Amino acid sequence: MIRPRLFSIPLAAALLIGCTPVTPGPTPVAAVATPVPSSTLLDDVRILSGDDMAGRDTGSAGGEKARDYIVSRLEAMGVQPASFGRLQPFEAQGRTREGVKRFNGVNIVGLIPGTRIADRYIVVTAHYDHVGVNDGQIYHGADDNASGVATMLELARRLKAQPPEHSVLIVALDGEERGLLGAREFVKAPPVPLSAVSLNLNFDMTARAETDGHLWVTGTYQNPVLRPVLQPVPAQGRVSFAFGKDTPQDTGENNWVDASDHAAFHAAGVPFLYMGVDYHPDYHRPSDTYDRIDPAIFTSATELAIAGFHALDKALDR
Ligand SMILES: [Zn+2]
């Protein structure tokens, strides 16, 4: 997530943001009991944010290790590669603390064929890179964005068991923190025509919903027809949807329209929705670690995201 700064915001500012009053979300229709945490879901976050992944910087050994892990997970689930294969390598100029640098990144792509409308696609994205090691400290990126990748893998697992109505591309993007590099590459050279993509659903930071109890949905201002689709989705445990961070009145770091990979899809004219939690004091700090994630909250946020996916999958292209 780059909202909108590349590296850490000062702790005081982060705390302040956490205290800023936000527009209340819709009243949850009916909260259901906290779902039982899935060990696979939690394992994925723990493994991807481990010390040996070294913050998963684009082009780094840790990034490669994370990539191998995600590929092995998709292969084990039997998620087929895209038309161009499993991997989409790219080279691009990206941002660093020291200035612009050339990065070698690799997107990972899987395809789950749809049952009702197989020639229309929902592209689910989550970036697996983070900002690596800075000043000798590993930036673990457990929430940002090992969590979103884990949520996406859990969705893929469910869709393999019960196929979706649309065909679904499962895309773990690289180079997000360096300037949405992987997303820009994907949109430039997609495995299916962008005109066949009904929606980009982007997960970035799905774990730390304890800040305000919300998984925020950004993009319904730009795509208003999608809001009534998600509004009836009931809260899961202590986590409910809130809508916003996308209007002209939402300024600076409170506007998330360009804050993550969905921005590349939006710029290419593809309808998008972004799901992610609000800022927390560990955002873009070495302390964004696995042990700070509440398993019940993360599991609830994941269940909510998956319920949101199903609502969209059912409603789109009718
Ligand atoms: Zn980030």
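Just so you know, these numbers come straight off a predicted model, no measurement behind them. (Residues numbered from 1 in each chain as written. Predicted model: local features only at pLDDT ≥ 70, side-chain atom pairs only at ≥ 80, totals over all residues.)

### Regarding the overall build of the protein
For step 1, the next point in the chain: If you tally the helices and strands in the protein, you get 8 helices and 11 strands.
For step 2, the next point in the chain: Taking all 318 residues of the protein together, 53% fall into the buried category.
For step 3, the next point in the chain: Once local pairs closer than 6 in sequence are excluded, the contacts in the protein between residues at least 24 apart make up 85%. (Helix = DSSP H or I, 4+ residues; strand = E, 2+ residues; numbered from the N terminus. Buried ≥ 20, exposed ≤ 12 C-beta atoms within 10 Å, placed from the backbone. Contact = placed C-beta atoms within 7 Å.)

### Observations regarding the environment of methionine 77
For step 1, the next point in the chain: As for its placement among the helices and strands, methionine 77 is situated in helix 3 (residues 61-77).
For step 2, the next point in the chain: For the pair formed by methionine 77 and arginine 158, sequence separation is 81 residues and the distance between their alpha carbons is 9.8 Å.
For step 3, the next point in the chain: Apart from residues lying up to four places away in sequence, methionine 77 is in contact with Ala156, Arg157 and Lys160.

### Some thoughts on the environment of threonine 302
For step 1, the next point in the chain: Mapped onto the secondary structure, threonine 302 falls in helix 8 (residues 295-315).
For step 2, the next point in the chain: As for threonine 302 and threonine 151, which are separated by 151 residues in sequence, their C-alpha atoms are 5.5 Å apart.
For step 3, the next point in the chain: The contact partners of threonine 302, leaving out residues within four places of it in the chain, are Leu41, Thr151, Glu154 and Thr206.

### Observations concerning helix 2 (residues 39-48)
Owing to its 3.6 residues per turn, the α-helix aligns residues three or four sequence positions apart on the same side.
For step 1, the next point in the chain: If you check which residues of helix 2 are buried, you get Leu41, Asp44, Val45 and Leu48. Projection of helix 2 onto a plane perpendicular to its axis shows the buried side chains occupying an angular sector of 90°, all on one side.
For step 2, the next point in the chain: Next to the buried residues of helix 2 lie helix 3, helix 4 (142-161) and helix 8. (Arc of directions from axis to C-beta.)

### Considerations on helix 5 (residues 181-188)
For step 1, the next point in the chain: Buried residues dominate helix 5, accounting for 7 of its 8 residues.
For step 2, the next point in the chain: In the core, the buried residues of helix 5 are packed alongside strand 2 (87-96), strand 3 (99-112), strand 4 (117-127), strand 7 (166-173) and helix 7 (262-267).

### Concerning the confidence of the model for the protein
For step 1, the next point in the chain: Chain-level pLDDT for the protein is 91 on average; 89% of the residues reach the 70-or-more range.
For step 2, the next point in the chain: Least confident of the elements in the protein is helix 1 (residues 11-19), whose mean pLDDT is 33; most confident is strand 7, at 99.
For step 3, the next point in the chain: Below pLDDT 50 for its whole length, residues 5-29 participates in 34 contacts with residues either more than four positions away or in separate chains. (pLDDT = per-residue confidence, 0-100.)

### Topic: the packing of helix 2 against helix 4
Helix-helix packing is characterised by the crossing angle of the two axes and by the distance between the axes.
For step 1, the next point in the chain: At a minimum axis distance of 8 Å, the contact between helix 2 and helix 4 shows a crossing angle of 145°. Both helix 2 and helix 4 take part in a crossing whose hand is right-handed. On helix 4, the residues touching Leu41, Asp44, Val45 and Leu48 of helix 2 are Ala142, Ala146, Ser147, Val149, Ala150, Leu153 and Glu154. (Axes fitted to C-alpha atoms, helices over the stretch in contact; angles between N-to-C directions. Left-handed = near helix turned anticlockwise from the far one by under 90°.)

### Quick notes on unusual backbone geometry
For step 1, the next point in the chain: Omega for the peptide link from aspartate 144 to asparagine 145 comes to 0°, which places this bond in the cis form.
For step 2, the next point in the chain: Mapping asparagine 145 onto the fold places it in helix 4.
For step 3, the next point in the chain: Positioned with a positive phi, lysine 245 is a non-glycine residue whose angle comes to about 65°.
For step 4, the next point in the chain: With respect to the helices and strands, lysine 245 occurs in the loop between strand 10 (240-243) and helix 7.

### Some details on the pairing of strand 10
For step 1, the next point in the chain: Burial along strand 10 is two-sided: Ser240 and Ala242 and Phe241 and Phe243, pointing in opposite directions, are all buried.
For step 2, the next point in the chain: Note that strand 9 (residues 214-218) and strand 10 share 4 bridges and pair parallel. Looking at the pairing, histidine 214 lines up with serine 240 of strand 10. (Pairing = 2+ DSSP bridges.)

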